[in-house]
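Listed here are the chains, written in short residue letters.
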Amino acid sequence: PHAGTTMQKKSDLPYWNTWAYREALDSSPDVVYLMLGTNDARDVSWNAAKYREDTIAMIQSFLRLSSSPQVYLFAPIPLFADGKNG
């Protein structure tokens, strides 16, 4: 629902600030699928330490819910040195 969003909190469009994230938390999910990171890989945004920290924080935000959801994390598609997906 929010193309271009990032996992990192400090970026041009963090998923953390979207209505979709708030609705996901409010929905008391049983299962959560996370696949964020492709947009974080842009040269202007990439910070490996922050990406890891914010990924852990997002996973924990779902695991802390009273619904105790299962959380599945999907790896983003590869981004090659020439900047193209493959």
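If you're wondering where the values come from, they're calculated on a predicted model, not measured in any experiment. (Residues numbered from 1 in each chain as written. Predicted model: local features only at pLDDT ≥ 70, side-chain atom pairs only at ≥ 80, totals over all residues. Heavy atoms only, no water.)

S.K.: Any details on the side chain of serine 61? Residues and values, ideally.
M.R.: As for its position among the elements, serine 61 is in helix α2 (residues 48-63). Note on serine 61: relative accessible area 10%, which makes it buried. Apart from the residues lying within four places of it in its own chain, the contact partners of serine 61 are Tyr21 and Leu25. (Helix = DSSP H or I, 4+ residues; strand = E, 2+ residues; numbered from the N terminus. Buried < 20%, exposed > 50% of the residue type's maximum accessible area, 1.4 Å probe, protein only. Contact = heavy atoms within 4.5 Å.)

S.K.: I'd like a description of the nonpolar core, backed by residues and values.
M.R.: Among the nonpolar cores identified, the biggest contains 13 residues, and Met7, Tyr15, Tyr21, Leu34, Leu36, Met58 and Phe62 are the most heavily contacted of them. Contributions of two or more residues to this core are made by α1 (19-26), β1 (31-34) and α2. The dominant element in this core, judged by the number of residues it contributes, is α2, at four residues. (Core = buried A, V, L, I, M, F, W, Y, C linked by side-chain atoms within 4.5 Å.)

S.K.: I'd like a description of the pattern of salt bridges, backed by residues and values.
M.R.: If you walk through the whole model with that rule in mind, you get one salt bridge. For glutamate 53, the salt bridge is made with lysine 50, and the minimal N-O distance between the two is 3.5 Å. Of this pair, glutamate 53 and lysine 50 both sit in helix α2, three residues apart, roughly one helical turn. For glutamate 53, a relative accessible area of 44% puts it in the partly exposed group. (Salt bridge = Lys/Arg side-chain N within 4 Å of Asp/Glu carboxyl O.)

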